[in-house]
Amino acid sequence: MNYENYFEINKQTWNTKVPVHIDSDFYDMEGFLNGKNTLPDLDLKLLGDVSGKKILHLQCHFGQDSLSLARMGAQVTGIDISDKAIEEARKLNDQLGLDARFICCNVYDTPEYVKEQFDIVYTSYGVIGWLPDLNKWAEVISKCLKPGGKLVFVEFHPVVWMFDDDFTKVNYHYHNERPIIESYTGTYAQKEADIKTDYVGWNHSLAEVLTALLQNGLTLTDFQEFDYSPYNCFNKTIEFEKGKYRIQHLENKIPMLYSLIVKK
């Protein structure tokens, strides 16, 4: 597989996942349509009061979190690589009578499609691993933020991505040594799903993330690490508190998430 056309490979992967995810218990579409806010408590705390705020949601999938923000009174624009996901997000927006906007494009191309600036850029959970160049990512964020605006970013910790799928051994580099080119059966939202997808990804260290943001005129105001995931999306997990998951045999010995807020 030639990773240079990673965009098309990964777009096809996400297009394949969309119908499986929509029907999965993981995404609980019935609950969402009946008013469930899909944003984790951690994210809600970091975002603060979003009423009346203009929010750019990067890598929004099929829009549940974006539309949850719109329900809270935000003016939301969602960006995603998958045209199938964006199509579903628009359908949900219309079905719920909301006014969110959804655009299909590569994250790096966002400024070509979105000319205004935002109070908040938000992106979370399994997003930057699909991007080869974090400096370009940070440059987009800086361009899209108003002066005084903030990025709210929550991501799985790079230590998590070092392990094999069952967390039995360290399989990958912590640093961004080279593209990770693999095939995957099933999906995190439905592990037994009868789908096989190819993907190209990259591991990004904390230093790589922070350096990219700081070099693009942004100021770090908050950084935290957490020993749990709010999503049961990994193998060998245990729910040790309601809505909080760890790898059972690793307990609280590894970080699973980090969050940061940077301001322009």
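Residues numbered from 1 in each chain as written. Predicted model: local features only at pLDDT ≥ 70, side-chain atom pairs only at ≥ 80, totals over all residues. Heavy atoms only, no water.

Participant: Could you clarify how one ought to interpret unusual backbone geometry in this entry?
Facilitator: Of note in this structure, F167 is not a glycine but carries a positive phi near 60 degrees. As for its placement among the helices and strands, F167 is situated in the loop between β5 (145–156) and β6 (180–185). According to the relative accessible area criterion, F167 is buried, its value standing at 4%. Residues other than glycine seldom take positive phi values, yet E251 does so here, at roughly 50 degrees. By secondary structure assignment, the location of E251 is in the loop between β10 (244–247) and β11 (257–263). (Helix = DSSP H or I, 4+ residues; strand = E, 2+ residues; numbered from the N terminus. Buried < 20%, exposed > 50% of the residue type's maximum accessible area, 1.4 Å probe, protein only.)

Participant: Even after reading the chapter, I still don't get the pattern of salt bridges, so can you show me in this structure?
Facilitator: Side-chain pairs of opposite charge can arise whenever the charged atoms involved come near each other. Using the criterion set out here, one finds 10 salt bridges in the structure. Where K11 meets D83, a salt bridge forms, and the shortest distance between an N and an O atom there is 3.8 Å. Within this pair, whereas K11 is found in helix α1 (residues 6–22), its partner D83 is found in helix α5 (residues 83–96), the two being separated by 72 residues in sequence. Note that K146 is salt-bridged to D119, the shortest N-O span being 3.2 Å. Separated by 27 residues along the polypeptide, K146 in strand β5 and D119 in strand β4 (residues 118–124) bring together distant segments of the chain. (Salt bridge = Lys/Arg side-chain N within 4 Å of Asp/Glu carboxyl O.)

Participant: What is the right way to look at the environment of A207 in this model?
Facilitator: Secondary-structure assignment places A207 in helix α8 (residues 206–214). Residues A207 and K36, spaced 171 residues apart in sequence, show a C-alpha to C-alpha distance of 35 Å.

Participant: Even after reading the chapter, I still don't get the state of the cysteines, so can you show me in this structure?
Facilitator: Here a disulfide denotes one covalent bond, and it connects the sulfur atoms of two cysteines. Applying the stated criterion across every chain yields a total of 0 disulfides. We note that C144 lacks a disulfide partner, and the nearest cysteine sulfur, in C105, lies 9.3 Å from it. Here C144 falls in the buried class, since its relative accessible area comes to 2%. (Disulfide = S-S within 2.5 Å.)

Participant: Sorry if this is basic, but what is going on with the packing of α1 against α5 here?
Facilitator: Two packed helices can be described by the angle between their axes and the distance between those axes. Where α1 meets α5, the axes come as close as 7 Å, and the angle between the chain directions of the two elements is 40 degrees. By the angle class used here, α1 and α5 are oblique. Here α1 contributes K11, N15, V18 and I22 to the contact with α5, which in turn contributes D83, K84, A85 and E88. Along the lines of polarity and charge, the residues of the contact of α1 with α5 split into 3 nonpolar, 1 polar and 4 charged. (Axes fitted to C-alpha atoms, helices over the stretch in contact; angles between N-to-C directions. Parallel < 35°, antiparallel > 145°, perpendicular 65-115°, else oblique. Contact = heavy atoms within 4.5 Å. Nonpolar A, V, L, I, M, F, W, Y, C, P; charged D, E, K, R; others polar.)

Participant: Even after reading the chapter, I still don't get the sheet that holds β11, so can you show me in this structure?
Facilitator: Hydrogen bonds along the backbone pair up the strands of a sheet, which may run parallel or antiparallel. Spatial ordering of the open sheet is given by β3-β2-β1-β4-β5-β11-β8, a layout of 7 strands whose pairing is mixed. On the outer flanks of this sheet lie β3 (101–104) and β8 (219–226), each paired with one strand and no other. If you compare each strand with its neighbour and ignore which way they point, the axes differ by 15 degrees on average. In this structure, strand β1 (residues 54–58) lies alongside β4, joined through 3 bridges in parallel fashion. Across the sheet, H57 pairs through a bridge with Y122, a residue of β4. Packing of helix α4 (residues 64–71) onto the sheet brings it into contact with β1, β2 (75–80), β3 and β4, and relative to β2 it is tilted by some 175 degrees. Relative to the sheet, α8 contacts β5, β8 and β11, its axis offset from that of β11 by approximately 10 degrees. (Pairing = 2+ DSSP bridges.)

Participant: In this structure, what is going on with the packing of aromatic side chains? I would like to understand it.
Facilitator: If you walk through the whole model with that rule in mind, you get 20 aromatic pairs. Ring geometry for W130 and Y199: centres 6.0 Å apart, planes at 70 degrees, overall edge-to-face. Taken together, the residues W130 in the loop between β4 and α7 (134–144) and Y199 in strand β7 (residues 196–201) connect sequence positions 69 residues apart. With relative accessibility at 18%, the residue W130 sits in the buried group. When the ring of F167 is compared with that of F234, the centres are 5.9 Å apart and the planes differ by 90 degrees; the resulting orientation is edge-to-face. Here F167 is found in the loop between β5 and β6, whereas its partner F234 is found in the loop between β8 and β9 (237–241), with 67 residues between them in sequence. Geometry around Y108 places K136 over its ring, the cationic atom sitting 4.4 Å from the centre. (Phe/Tyr/Trp six-rings, centres within 6.5 Å; stacked < 30°, edge-to-face > 60°. Lys NZ or Arg CZ within 6 Å of the ring centre and 35° of its normal.)

Take it as geometry only, folks, not as evidence of what the structure does.
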